[in-house]
Amino acid sequence: MVRAVTPIPFVKARFFDRCGKPLAGGKVYTYEANTTTPKVTYKDPYGLTPNTNPIILDAAGEADIYLDGTYRIRITDRNDVLVNDAAKIGSWFSDNLQDTLDNISGAMDDAINTAAAAGAGANGWTDTLIAVSENINQRQINDGLESVAQLAGIQNPHNGMRVFVKSYHYGLNKGGGTFVYDSAKASVNDGVVNFGGWVRSSFMFVTSFMAGCKADVVTDDTVAFQRGVDYTAQNKFPFYVDEGVHYLNTCNFIRWNTEHQFQTYCPIIELKYSGITVLGLSKKSVLKYGDSITTSVQAGINEYGYVGAQLFSSNPSVKIDDFTLDGVTIDGNGYNNKIIGVNQGGYGSAAGNQAVALQYGDRTTIRNNVFKDLSGYQVLYIAYDVKETLVEGNEFIDAGWLDGTNWVGNYTDQSTVYLGGTFLARNNRISQSHDGMYAGTAFEMHGIGTVVGNHIQKYACAFLTAGSVRNPDTKILANTAIDCTMFLSTYQGYEKSVKCTAIGNYFRQNTMYLSESTVYGKYRGLIFLSGDYSPLSCKVHILSNTIETDGAYVGSTDAYLKKYNSLIMMQHVNEFIFKGNIVKNHKGSMLKL
């Protein structure tokens, strides 16, 4: 039986004589209350060591005295001269409370004995015998739940209750954490932080695993990834892409009613809000297109009908400001998502699998990403109404290649990076490895901006600047383009003025794709300048560049190589300056008008 005893109401009992001096050597006699029947006191709070009766005080007039109920206390000096006599004194712990404690103690003993008899073992009642819900016991709560789905099974949680969860999904050890119950949020379930009243605690950022992605190269993570993007945008968090391959195999084909009737956007992840920031660990954080996710273009769509899966895109009527994609690898899954285009109205109408497609917004940043094995063209599509775009430090590997067997079209606006609005593109690497499958142009520019310090390899055309919706003014500075057929192409379409300045670039030509049988054979010189609307301004300045041709067309039996072997082909150009350039190994004509 448990006995509750309490100290006399001091840290250590201390007594004084009538003059206020310590009662050194004094005596304390203890009796049952209001009697002369001696009653024991204790030296310790557990009631294990009894005091003498009387208790002899030390030189400071002190002693350890613990009481058990009520007492008569009689105090004398060392010569038994009475100092004080209290007929009834006791602790706050009454006899009734002791009776209650006795009852509780007995009930616990009975319960332990019953549990042991039922098979609980030598340890008696354990945490495995305490049910928190139908399928969850207290030990599971103590050790951690296996998945967030088990949170819903906890019966009658109370506010402030804390539970550790090992993983978002059972057995993966990814996306778990500590959750605290808040009944005020019982109706909130965003699948990232709030789960029917259970709220993640102590987190500084949100990751793809916390949103429910598995990144196992098999499971379709599209819904979970979208969930994470939406939550972080609405709550002003960055969204971190965890290490692993996130397989994205769901695409929505949406027709958008515009002046061009059947224009579409096809998001895998739809950008619905401004302020979205997606951050990764470069080659360790992979977003991979699912097999055959591409929607083939259908006959009957006009020349503005874009198809193909767009990894990040928005409704063209929704303004998306401050979108950032940084440190992520985007894998287009190569030939599994081959684009088959149909040429209509003079345009190859399949835009292909675009990694980012933005129509409207300010301050877009695409930085330190890897784009690889994306078929089609316009892998990065930043339209005319997107201002202050930064494209920096990215690597494009086979991003925007075409299947020459199935693609019809021969226009340089089939590009890998399409830039409208205002922009700066610097220190990017863009290369192809598929012979005969060139995307037309590395950089296609329709706005006002600068491309500087980029490296381009194995493209039909390195740079295109064109006036289609805006009046472009582009600067091409200190770039390197090798094994490309064309250095620069301009055209002044849609009655817009064009200005282009190229300074300090290095270009090395490879003419193996300059023929009618390939994508870009006709109507092209190494530098092709076209002002289609002669009353408007078309100004091109080419200054202090190094241009090295391969001379492969000299003596060729290919009629097109013979005909289009000029360094510069030009029509309807108002102002052309070609100054301070170094041209090596060119054996054809310099200028064709």
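Up top is the structure these notes are about.
What counts, and at which threshold
- Residues numbered from 1 in each chain as written.
- Predicted model: local features only at pLDDT ≥ 70, side-chain atom pairs only at ≥ 80, totals over all residues.
- Heavy atoms only, no water.
- Phe/Tyr/Trp six-rings, centres within 6.5 Å; stacked < 30°, edge-to-face > 60°.
- Lys NZ or Arg CZ within 6 Å of the ring centre and 35° of its normal.
- Salt bridge = Lys/Arg side-chain N within 4 Å of Asp/Glu carboxyl O.
- Helix = DSSP H or I, 4+ residues; strand = E, 2+ residues; numbered from the N terminus.
- Core = buried A, V, L, I, M, F, W, Y, C linked by side-chain atoms within 4.5 Å.
- Buried < 20%, exposed > 50% of the residue type's maximum accessible area, 1.4 Å probe, protein only.
- Contact = heavy atoms within 4.5 Å.
- Pairing = 2+ DSSP bridges.

Chemist: Looking at this model, I keep getting lost on the packing of aromatic side chains. Mind explaining?
Modeler: One pair of aromatic rings is described through two measures. These are the centre distance and the angle between the planes. Enumeration over the complete set of coordinates arrives at 16 aromatic pairs. Each member of the aromatic cluster is reached from another via a ring pair, and the members are Phe 225, Phe 239, Phe 312 and Phe 323. The cationic tip of Lys 39 hangs over the ring face of Tyr 71; the distance from NZ or CZ to the ring centre is 4.5 Å. Positioned above the aromatic ring of Tyr 31, the side-chain terminus of Arg 72 is 5.2 Å from the ring centre.

Chemist: Before we go on, may I ask you to explain the pattern of salt bridges in this structure?
Modeler: It is possible for side chains of opposite charge to pair when their charged atoms get near one another. According to the stated counting rule, one finds 14 salt bridges in the structure shown. For Arg 72, the salt bridge goes to Asp 85, with nearest N and O atoms at 2.6 Å. Within this pair, whereas Arg 72 is found in strand 7 (residues 70-76), its partner Asp 85 is found in strand 8 (residues 82-90), the two being separated by 13 residues in sequence. Look at the salt bridges and you will find they share partners, linking Asp 326, Arg 367, Glu 392 and Arg 426 into a network.

Chemist: Where do I start with the nonpolar core in this structure?
Modeler: Side chains that are nonpolar tend, in soluble globular proteins, to be buried together. Core analysis: the largest hydrophobic core is formed by 77 residues, its most contacted members being Phe 225, Phe 312 and Phe 443. Among the elements that make up this core, the one with the highest residue count is helix 3 (residues 222-235) (5 residues). When neighbours within four sequence positions are excluded, Phe 312 is seen to be in contact with Phe 225, Ile 269, Leu 271, Val 278, Leu 287, Phe 323, Leu 325, Ala 355, Val 356 and Ala 357.

Chemist: How do you make sense of the pairing of strand 40 (residues 486-491) when you look at a structure like this?
Modeler: In the case of a regular strand, side chains alternate between the two sheet surfaces. Among the 6 residues that make up strand 40, 6 are buried, leaving the element largely enclosed by the rest of the structure. Alignment of strand 37 (residues 461-466) against strand 40, held across 5 bridges, turns out to be parallel. Across the sheet, residue Leu 464 finds its bridge partner in strand 40, namely Ser 489.

Chemist: Where do I start with the sheet that holds strand 8 in this structure?
Modeler: Pairing in this open sheet of 4 strands is antiparallel, and the strands run 4-3-7-8 from one edge to the other. The open sheet has two edge strands, strand 4 (55-56) and strand 8, and neither has a second partner. Inspection of the sheet shows strand 3 (residues 27-32) paired to strand 7 by 6 bridges, in the antiparallel sense. Directly across from Glu 32, in strand 7, lies its bridge partner Tyr 71.

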